[in-house]
Amino acid sequence: GNGMPVKFEAWLTQLNGTKIFIEGNHDGNNTVKTKIQSLIIKLGGRRINLVHDPSNANFNYELNLTGHIHNNWEIQRLRSGEAFTDCINLSVEVWDYRPVSWGEIESRYMKWLKLQKLGI
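Undergrad: Any chance you could explain the packing of aromatic side chains here in plain terms?
TA: Where two aromatic rings form a pair, the distance of their centres and the angle of their planes describe that pair. Enumeration over the complete set of coordinates arrives at 1 aromatic pair. Arranged with centres 6.1 Å apart and planes meeting at 15°, the rings of Tyr109 and Trp112 form a pair that is stacked. Of the two residues, Tyr109 and Trp112 are both situated in helix α2 (residues 102–118); the distance of 3 residues between them amounts to about one turn of the helix. For the pair Tyr109 and Trp112, one class covers both residues: buried. A cation over a ring is seen here: Arg79 above Phe84, with NZ or CZ 5.5 Å from the ring centre.

Undergrad: Explanation requested: the environment of Glu23 in the structure shown.
TA: Note that Glu23 resides in the loop between α1 (8–12) and β1 (38–43). Here the alpha-carbon distance between Glu23 and Ser38, two residues 15 residues apart in the chain, equals 7.7 Å. Those residues in contact with Glu23, other than ones at most four positions away along the chain, are Thr34, Ile36, Gln37 and His52. In terms of polar contacts, Glu23 uses its side chain to reach the side chain of Gln37, at 3.1 Å.

Undergrad: In this structure, what is going on with the pairing of β1? I would like to understand it.
TA: The two faces of a sheet get side chains in turn, since along a regular strand they alternate between them. Where β1 meets strand β2 (residues 46–51), 6 bridges bridge the pair, whose relative direction is antiparallel. Among the inter-strand pairings, Ile40 is bridged to a residue of β2, identified as Asn49.

Undergrad: Where do I start with the pairing of strand β3 (residues 63–66) in this structure?
TA: On β3, burial covers both faces: Leu63 and Leu65 on one face and Asn64 and Thr66 on the other are all buried. Looking at chain direction, β3 and strand β5 (residues 83–89) are connected through 4 bridges and run parallel. Within the sheet, the bridge partner assigned to Thr66 lies in β5 and is Asn89.

Undergrad: So what exactly am I meant to see when it comes to the pattern of salt bridges here?
TA: Side chains that carry opposite charge are capable of pairing whenever their charged atoms lie near each other. Summed over the entire model, instances satisfying the criterion amount to 5 salt bridges. Notably, a salt bridge pairs Arg46 with Glu62, separated by 3.5 Å at the nearest N-O pair. Residue Arg46 is found in strand β2, and its partner Glu62 is found in the loop between β2 and β3; the two are separated by 16 residues along the sequence. Judged by its relative accessible area of 11%, Arg46 falls in the buried class. Overall, the relative accessible area of 43% leaves Glu62 in the partly exposed class.

Scoring rules and cut-offs
- Residues numbered from 1 in each chain as written.
- Predicted model: local features only at pLDDT ≥ 70, side-chain atom pairs only at ≥ 80, totals over all residues.
- Heavy atoms only, no water.
- Phe/Tyr/Trp six-rings, centres within 6.5 Å; stacked < 30°, edge-to-face > 60°.
- Helix = DSSP H or I, 4+ residues; strand = E, 2+ residues; numbered from the N terminus.
- Buried < 20%, exposed > 50% of the residue type's maximum accessible area, 1.4 Å probe, protein only.
- Lys NZ or Arg CZ within 6 Å of the ring centre and 35° of its normal.
- Contact = heavy atoms within 4.5 Å.
- Polar contact = N/O pair within 3.5 Å; in protein donor to acceptor, adjacent residues only side chain to side chain.
- Pairing = 2+ DSSP bridges.
- Salt bridge = Lys/Arg side-chain N within 4 Å of Asp/Glu carboxyl O.

Geometric values such as these leave the question of function open.
See below:
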């Protein structure tokens with residue numbers, strides 16, 4: 001490239017589908033002015049909470065899709081007393097800096113769940 005920053009809008013035009021932005025910690029420095037702090041979706045028969053920072057995961061859902069932590073971990077079970085929830089880190093560093101399908105995410109999660117059951 002020519003050293004010029006790539007505008008966010010240029011990336012958006014390359015992505016298919018509807019884009020919904022969830023508030024993140026850098027949003028004061030960019031043009032994304034979303035008011036959405038978390039979002040519940042139904043996917044693969046599950047109700048899933050989407051939230052930027054895993055420290056804001058919602059324990060009312062078995063699964064939270066998060067970001068914020070870059071490549072610190074891929075999947076983690078968070079506990080609060082008796083409650084727990086699984087968090088999948090969707091930070092780009094974990095997914096080779098590319099968009100991934102729900103199928104890829106779910107496949108990695110299912111493998112992780114099997115390893116948890118085996119105590120690995």
